[in-house]
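# Fold and geometry: a report
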Amino acid sequence: MSVPKYWRNIPQRYRLEAVKCIKCGKLFFPPRPVCNECRSQEFETVHLSDEGKIVTFTVLNSAPSKFSYQTPYPIAVIELSDSAKICAQITDCDIDKLYIGMPVKLQMRKLSTEGDAGIINYGYKAVPA
Amino acid sequence: MREVAIIGLGIHKWGEHWDRSLSDMFIDVALKAMADAEIDKIDSMCVGCMTSGLFVGQEHIAVQLADYLGIKHLPATRVETACASGALAFRTGLAEVMSGLSDIVLVGGVEKMTDVSVEDATFALSTAADQDYEGYHGITFPALCAMMARSHMNRYGSTSEQLASVAVKNHFNGALNPNAQYQSQITIENVMNSTIIADPLHMLDCSPITDGAAAVIICSMETARKISKKPIVKVTGWGHATDTLALHNREDFTTLKSTELAAQQAFKIAGIGPRDIDVAEIHDGFSIMEVIATEAIGFFEKGQGGFAAEQGRTALNGELPVNTSGGLKSRGHPAGATGVAQIVEIGYQLRGDAGKRQVQNARIGLTQNIGGIGGSSLIHIMEAV
Ligand SMILES: [Zn+2]
């Protein structure tokens, strides 16, 4: 991944920066320029809650090459306590004991590496709360 | 707007064609469609292709294909909306004929997927998902569909066996289609015992990687009545809608909102409803997607799609035969070609040319083609005239 592309996403990957529509209150992660509820372009920057629960999930046995050494690994859609939803891996968990509604917490983790030098791509993963 | 007719159909045997290039396959079906329509001249060409850049390292393929088709200086357009690129090419061609911009248009779809490794093909397909907020986290298409399947099961009580019954049905039909990639029947046990790709989805719930192309000739109804010697198929309904790119930004993971909206548009234009459809080609990239699509279009109540498939209601001899061609599961899924192949199949059905898989007295057919996990959906309705 190019350095500028990586840097552009740091506020979201490291700090869960989102935007909230000033007019109708809808949260967007990642930020976007136009609200899809009220078409307002006025937003305030907010930080998402790091606590939430699993809405749906799966365990991958087959993965893109960058992630294949991690299989099997779980992926979930998580609804955070401020109602924003995000996709993330679940880690440090018993993959047979995941369930819809399970409380989880987001943490900063290594997601993947790339290139011969093993440059690390960081981001959020969820762990059982 | 002018009325539009389909007067030529072209397809070939899909599969892993190491001896054939993207243009070899495309020119083959283009010439077949022109021969089927008994014409030697077209006004323009619309091509659907998802990512020739990642699969064969060639963009600008509308030019290459027009060039190799041997029609000098032909206006040629290539469109892309992931796995629904074929249906989008059809819609683009429709717009040209309806508006009078062109009178006779060749609409084709093509994808050459086996020139790269399975890993690279998986990556190429995954670029239809949100690269920064899904792909970055190691999410794949099977994973997204698996999460939709789990939500559907959780809310409605659908089962893995019901999903398996979709794959079994589509293989049964594909075994009757000489152009299908897989012409073998499978059982519920085969599906349930196949490797789990992303639970609850098994290997045999997923469509394969395929090389293939398909083409149709469309023209104004007026021209069709003058030149066509075969039964004419009229395009009577069309719909197109989008949804959020990323799954997590949707309200409801158990439906396909873009398909619902596209179907409503198409039914309104055609002046008919879901009960009037005699045969349908549905985008079963994963078994769960056929289940959800049959609900979103309105064939069955929300939550009933899996039960309907299990009860044989969508089988070849059921009340609404779905995927008589074998669907993406058995005919194969060369991304950009699928939407056009669906139209070819409905064309055969409405002309009475579908051989061993012919649905008796099929008069009205529907196609549903989606990009990604329904970020885009296109519906077309066709009637025999
Ligand atoms: Zn708003």
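Just so we're clear, the structure is a prediction, and the values are computed from it rather than from any experiment.

Taken together, Cys21(A) (SG), Cys24(A) (SG), Cys35(A) (SG) and Cys38(A) (SG) make up the protein donors of the zinc ion, found 2.3 Å from the metal. One way to put it: the four donor atoms around the zinc ion meet at angles of 97 to 118°, and that makes the site tetrahedral.

Here we come to the interface of chain B and chain A. Contact residues are listed per partner, giving 25 residues for chain B and 36 residues for chain A. In this assembly, chain B packs against chain A so that about 2,700 Å² is buried in total across both faces, 58% of it on carbon and sulfur atoms. It is Tyr133(B), Tyr136(B) and His137(B) in chain B that bury the most area against chain A; as a group they hold 31% of the surface buried on that side. Linking chain B with chain A are one salt bridge. Across the pair Asp132(B) and Lys5(A) runs a salt bridge, and its minimum N-O distance is 2.8 Å. Scanning the region where chain B abuts chain A turns up 15 residue pairs in polar contact (both at pLDDT 80 or more). For the side of chain B that touches chain A, the secondary structure elements donating two or more residues are helix H6 (141–156) and strand E5 (196–198) of chain B. The biggest single contributor to the side of chain B that touches chain A is H6(B), with six residues.

The next thing to look at is helix H10 (residues 257–270) of chain B. All names here are of chain B. Between its first and last C-alpha, H10 extends 20 Å over 14 residues, near the 20 Å set by a 1.5 Å rise per residue. Those residues of H10 lying buried are Ser 258, Thr 259, Glu 260, Ala 262, Ala 263, Ala 266, Phe 267 and Ala 270. Elements in contact with the buried residues of H10: strand E8 (233–242), helix H11 (287–296), strand E10 (364–371) and strand E11 (376–384). Gly 271 sits one or two residues past H10 and shows a positive phi near 70°.

This brings us to empty space enclosed by the protein. Residues and elements named next belong to chain B. Scanning the model with the defined rule gives one cavity of 30 Å³ or more in all. Lining the largest cavity are Ile 11, Asn 177, Asn 179, Arg 331, Val 344, Glu 345, Tyr 348 and Arg 357. When residues of the lining of the largest cavity are assigned to their parent elements, the largest contribution, three residues, is made by helix H14 (residues 335–351).

Let's shift gears to the state of the cysteines. All names here are of chain B. This model, assessed by the stated rule, comprises zero disulfides over all chains. Considering cysteine sulfurs only, Cys 145 is the nearest to Cys 83, which forms no disulfide, with 9.6 Å between them. Overall, Cys 83 belongs to the buried group, its relative accessible area being 10%. The thiol of Cys 145 is unpaired, and the distance to the nearest cysteine sulfur, on Cys 206, comes to 8.3 Å. Residue classification places Cys 145 among the buried residues on the basis of a relative accessible area of 1%.

With that settled, consider the domain arrangement of chain B. All names here are of chain B. We note that the domain assignment places domain 1 (4–117 + 210–233) and domain 2 (138–206 + 236–384) within chain B. Put simply, the middle of domain 1 and the middle of domain 2, counted by C-alpha atoms, are 23 Å apart. Of the residues lining the interface, 43 residues belong to domain 1; the matching set on domain 2 comes to 36 residues. The junction of domain 1 with domain 2 conceals about 3,000 Å² of combined surface from both sides, 69% of it contributed by carbon and sulfur atoms. Three residues stand out in domain 1 for area buried against domain 2, namely Leu 9, Trp 14 and Cys 83, and they jointly supply 22% of the buried area on that side. Our count for the contact surface shared by domain 1 and domain 2 stands at one salt bridge. A salt bridge links Arg 351 to Asp 36, with the nearest nitrogen and oxygen atoms 2.9 Å apart.

All names here are of chain B. Approximately 890 Å³ is the volume attributed to the largest pocket. Residue lining of the largest pocket: 36 residues in total, with Thr 122, Leu 125, Ser 207, Pro 208 and Ile 209 positioned closest to the centre. Looking at the lining of the largest pocket, the element that brings in the most residues is helix H5 (residues 118–126), giving six residues. Grouping the amino acids of the lining of the largest pocket by side-chain chemistry returns 21 nonpolar, twelve polar and three charged.

Rules used in this analysis
Residues numbered from 1 in each chain as written. Chains lettered and ligands numbered in written order. Predicted model: local features only at pLDDT ≥ 70, side-chain atom pairs only at ≥ 80, totals over all residues. Heavy atoms only, no water. Donors = N, O, S within 2.8 Å, 3.2 Å for Na, K, Ca; no water. Tetrahedral: all angles 85-135°; square planar, octahedral: opposite > 155°, others 65-115°. Contact = heavy atoms within 4.5 Å. Buried area = accessible area lost by both parts, 1.4 Å probe. Salt bridge = Lys/Arg side-chain N within 4 Å of Asp/Glu carboxyl O. Polar contact = N/O pair within 3.5 Å; in protein donor to acceptor, adjacent residues only side chain to side chain. Helix = DSSP H or I, 4+ residues; strand = E, 2+ residues; numbered from the N terminus. Expected span 1.5 Å × (residues − 1). Buried < 20%, exposed > 50% of the residue type's maximum accessible area, 1.4 Å probe, protein only. 1 Å grid on protein atoms, 1.4 Å probe; cavity = no way out; pocket = protein on both sides within 12 Å on 5 of 7 lines; lining within 4 Å. Points joined across faces, edges and corners; volume = space filled by probe spheres on them. Disulfide = S-S within 2.5 Å. Domains from an automatic or database assignment. Nonpolar A, V, L, I, M, F, W, Y, C, P; charged D, E, K, R; others polar.

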